[in-house]
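Residue strings, one per chain:
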Amino acid sequence: MLVLSRKSDEGITIMIEDKILKIKVLSIEGNAIKIGFEGPRDFKIYREEVYESIMKENISATKVKDVSQVKKLFEKK
């Protein structure tokens, strides 16, 4: 894990392949930090608790107990 210290109005630039994501500390109030993100629209940025919830749902969706339910999804009407 890389750990960096940033002050208000300072930022970080992350480059993944040919795409650039800029992160900027907008303000610090007590123990809360407001962060801004600037990058391509196809970057998906989630709060950690939301990302974990999505991953749990995806994992539970792969655990099919009744195969007939899946078959119904692909049957032509």
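None of the values given here were measured: they were computed from a predicted structure. (Residues numbered from 1 in each chain as written. Predicted model: local features only at pLDDT ≥ 70, side-chain atom pairs only at ≥ 80, totals over all residues. Heavy atoms only, no water.)

(A) Quick look at the pairing of strand S1 (residues 11-16). Here S1 pairs with strand S2 (residues 19-29) via six bridges, running antiparallel. In the strand pairing of S2, Ile12 is matched with Ile23. Joining the antiparallel neighbours S1 and S2 is a turn of two residues, in which Glu17 adopts a positive phi near 55°. (Pairing = 2+ DSSP bridges. Helix = DSSP H or I, 4+ residues; strand = E, 2+ residues; numbered from the N terminus.)

(B) Inspection of the packing of aromatic side chains at higher detail. Throughout the structure, instances matching the rule amount to one aromatic pair. Seen from their ring centres, Tyr46 and Tyr51 are 6.2 Å apart, and the 40° between their planes marks the pair as tilted. Tyr46 gets classed as partly exposed once you look at its relative accessible area, which sits at 41%. The class for Tyr51 is partly exposed, based on a relative accessible area of 41%. (Phe/Tyr/Trp six-rings, centres within 6.5 Å; stacked < 30°, edge-to-face > 60°. Buried < 20%, exposed > 50% of the residue type's maximum accessible area, 1.4 Å probe, protein only.)

(C) Expanded view of unusual backbone geometry. Notably, Asp9 is not glycine yet its phi reads approximately 75°, a positive angle. Tracing the sequence through the fold places Asp9 in the segment before S1. For Glu17, which is not a glycine, the phi torsion comes out positive at approximately 55°. Relative to the helices and strands, Glu17 is located in the loop between S1 and S2.

(D) Structural view of the pattern of salt bridges. Overall, the coordinates contain three salt bridges when judged by the stated rule. Where Lys19 meets Asp42, a salt bridge forms, and the shortest distance between an N and an O atom there is 2.4 Å. Here Lys19, found in strand S2, pairs with Asp42, found in the loop between strand S3 (32-38) and helix H1 (48-61); they are 23 residues apart in sequence, far enough to count as distant. On the accessibility criterion, Lys19 (30% relative accessible area) is partly exposed. With a relative accessible area of 47%, Asp42 lands in the partly exposed category. Between Glu49 and Arg47 there is a salt bridge, with the nearest N and O atoms lying 2.8 Å from each other. Look at Arg47 and you get exposed, because its relative accessible area is 56%. (Salt bridge = Lys/Arg side-chain N within 4 Å of Asp/Glu carboxyl O.)

(E) Examining the environment of Ile20 more closely. Among the secondary structure elements, Ile20 is positioned in strand S2. Placed 20 residues apart in sequence, Ile20 and Pro40 show a C-alpha to C-alpha distance of 7.5 Å. Those residues in contact with Ile20, other than ones at most four positions away along the chain, are Thr13, Ile14, Met15, Glu38, Gly39 and Pro40. (Contact = heavy atoms within 4.5 Å.)

Taken by themselves, the reported measurements are silent on function.
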